[in-house]
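# Structural overview
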Amino acid sequence: PVDKRMPRIRIVTRQRSALQRKRIVVAIDAWPSTSQYPLGHYVNTLGDMGDKATETQVLLLEHDIPGNEFTTEVLACLPPEDWTLARDW
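Residues numbered from 1 in each chain as written. Predicted model: local features only at pLDDT ≥ 70, side-chain atom pairs only at ≥ 80, totals over all residues. Heavy atoms only, no water.

### Brief notes about the environment of Pro 1
Convention followed: By the criteria applied, helices consist of DSSP H or I runs no shorter than four residues and strands consist of E runs no shorter than two, each listed in order from the N terminus. Whether two residues touch is decided by their heavy atoms; if any such pair falls within 4.5 Å, the residues are in contact.
In this fold, Pro 1 is placed in the segment before strand S1 (10–11). Along the chain, Pro 1 and Leu 78 lie 77 residues apart, while their C-alpha atoms are 37 Å from each other. Setting aside chain neighbours within four positions, we find Pro 1 in contact with Met 6, Pro 7 and Arg 8.

Shown next, in the form of structure tokens:
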């Protein structure tokens, strides 16, 4: 886990070697009282550890920030690309 407050999650997979050095999303299914770790399952792969785009996606997910592309309507509200701040002061 990226957040050290989260426990390691035990998953069963045949993809162990393919998932090494990857950032993955895992869902917790149960936490038996007899187990030190919760049980979960693999959801998806975000990408390689250390990759800028992957680590950015991890931060967005970790803090529950939507990472969707902006809609055309939102982009239409932006000033043109050649816009600069006027130096009237």
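So much for the structure itself; the text now carries on.
### A short note on the sheet that holds strand S3 (residues 39–48)
Using the following cut-off: The criterion for strand pairing is that DSSP finds at least two bridges linking the strands in question. Only the contacting stretch of a helix is used when fitting its axis, a line to C-alpha atoms as for every element, and angles between N-to-C directions run 0 to 180 degrees.
Pairing in this open sheet of 3 strands is mixed, and the strands run S1-S3-S2 from one edge to the other. Looking at the sheet topology across the chains shown, the edges are occupied by S1 and strand S2 (22–30). For S1 and S3, the ladder comprises 2 bridges, and the chain directions are parallel. The residue of S3 that forms the bridge with Ile 11 is Gly 40. Contacts between helix H2 (residues 52–62) and the sheet are confined to S2 and S3, with S3 contributing the most and set at about 135° to the helix.

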